[in-house]
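# Summary of the model geometry
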Amino acid sequence: MAGADFHLHDRLAADTISLGRSQLCDIRLMNDRTWAWVILVPAVAGIREIYELSEQQQQRLLRESSLLSRGMMDVFSGDKMNVAALGNMVPQLHLHHIVRHENDPAWPGPVWGKQAPVPYASAELDRVRGLLAPIVTKLQ
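These lines cover the structure that appears in this document, whether it is placed above or below. The structure presented is a predicted model; accordingly, all values stated were derived computationally and were not measured. (Residues numbered from 1 in each chain as written. Predicted model: local features only at pLDDT ≥ 70, side-chain atom pairs only at ≥ 80, totals over all residues. Heavy atoms only, no water.)

### A few points about the environment of leucine 139
What counts is decided by this rule: In this text, helices come from DSSP runs of H or I with a minimum length of four residues, and strands from runs of E with a minimum of two, each type numbered from the N-terminal end. Whether two residues are in contact is decided by their heavy atoms, any of which lying within 4.5 Å being enough.
Summarising the element assignment, leucine 139 is placed in helix H3 (residues 122-139). Residues contacting leucine 139, with those up to four places away along its chain left out, are Ser22, Gln23, Ile27, Leu40, Arg60, Glu64, Leu67 and Leu68.

### A closer look at unusual backbone geometry
Applied cut-off: Each residue is assigned to one of three classes by its accessible area relative to the maximum for its type, calculated with a 1.4 Å probe on protein chains only: buried under 20%, partly exposed between the two thresholds, exposed over 50%.
In this structure, the amide linkage connecting tryptophan 107 to the following residue, proline 108, adopts the cis form with an omega of 0 degrees. Inspection of the secondary structure assignment puts proline 108 in the loop between strand E5 (95-100) and H3. Its identity is not glycine, yet serine 77 carries a phi of approximately 45 degrees, on the positive side. With respect to the helices and strands, serine 77 occurs in the loop between helix H2 (55-76) and strand E4 (80-84). The class for serine 77 is exposed, based on a relative accessible area of 54%.

### A closer look at the pairing of strand E1 (residues 16-21)
For the record, the criterion: Here, strands pair whenever DSSP counts at least two bridges between them.
Pairing analysis gives five bridges linking E1 to strand E2 (residues 25-30), with the strands arranged antiparallel. Note that in E2 the partner of arginine 21 across the bridge is aspartate 26. Here E1 folds back onto E2, and the loop between the two strands holds three residues.

### Some points on H2
In an α-helix, one turn spans 3.6 residues; hence positions three or four apart end up facing the same way. Selection criterion: What a helix is expected to span follows from its residue count: subtract one and scale by 1.5 Å.
Its 22 residues place the ends of H2 31 Å apart at the C-alpha level, agreeing with the 32 Å of an ideal helix rising 1.5 Å per residue. Among the residues of H2, those classed as buried are Gln57, Arg60, Leu61, Glu64, Ser65, Leu68, Ser69, Gly71, Met72 and Phe76. Lining the buried residues of H2 we find E2, strand E3 (36-42), E4, E5 and H3. Count one or two residues on from H2 and you reach serine 77, which has phi positive near 45 degrees.

### Structural notes on the environment of methionine 72
Looking at where methionine 72 falls in the secondary structure, it is placed in helix H2. Each C-alpha atom, one on methionine 72 and one on alanine 4, is 29 Å from the other, the two residues being 68 residues apart in sequence. The residues contacting methionine 72, other than those within four sequence positions of it, are Ala36, Trp37, Val38, Ser77, Met81, His97, Val99, Leu132 and Ile135.

### Re the packing of aromatic side chains
Where we set the bar: Stacked, tilted and edge-to-face are the three classes assigned to paired rings of Phe, Tyr and Trp, where Trp is represented by its six-membered ring and a pair needs centres within 6.5 Å; plane angles under 30 degrees give stacked, over 60 edge-to-face, the rest tilted.
The final tally for this structure, using the stated rule, is two aromatic pairs. Taking the centre distance of 6.3 Å and the plane angle of 80 degrees together, the rings of tryptophan 35 and tryptophan 37 count as edge-to-face. Between tryptophan 37 and tryptophan 112, the aromatic rings sit 5.8 Å apart at their centres with planes inclined by 85 degrees, giving edge-to-face as the arrangement. You can see tryptophan 37 sitting in strand E3 and its partner tryptophan 112 sitting in the loop between E5 and H3, a full 75 residues away along the chain.

### Some details on the side chain of histidine 97
Applicable threshold: The definition of a polar contact used here is a pair of N or O atoms within 3.5 Å, where within protein one atom must be able to donate a hydrogen and the other to accept one, and adjacent residues in sequence count solely through side-chain atom pairs.
Along the polypeptide, histidine 97 turns up in strand E5. Taking the relative accessible area as the measure of exposure, histidine 97 reaches 0% and is therefore buried. Side-chain polar atoms of histidine 97 contact the side chain of serine 65, separated by 2.7 Å.

Structure (structure tokens):
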């Protein structure tokens, strides 16, 4: 389902860490330990909006997004799951999945621009990757 001519946008590559690939998406962890934040990037060249995907790809994206959301909420015990496809800074279609807690630094507002990203330390990155690994496996 993913295309061979797909190329990840440079900004997404710089700000995120690869967690693997699903049938449709490149799965990326935002390198900001403040929030549990995973991005799905449909691996289809030239796509900016969900409606530009085929119907089959749209259905697959919804399935992957739902599985990811449920898994992240279970693992990180959130109060709310934020899912968004903004694309104002990065035009390539990508869906943010952010677990929110009522005591997080941006609650109840959006996370964007609240504070500078706090990159993962190596040990914490390994821990979070381990927590997310079973979810990523379900997406494949």
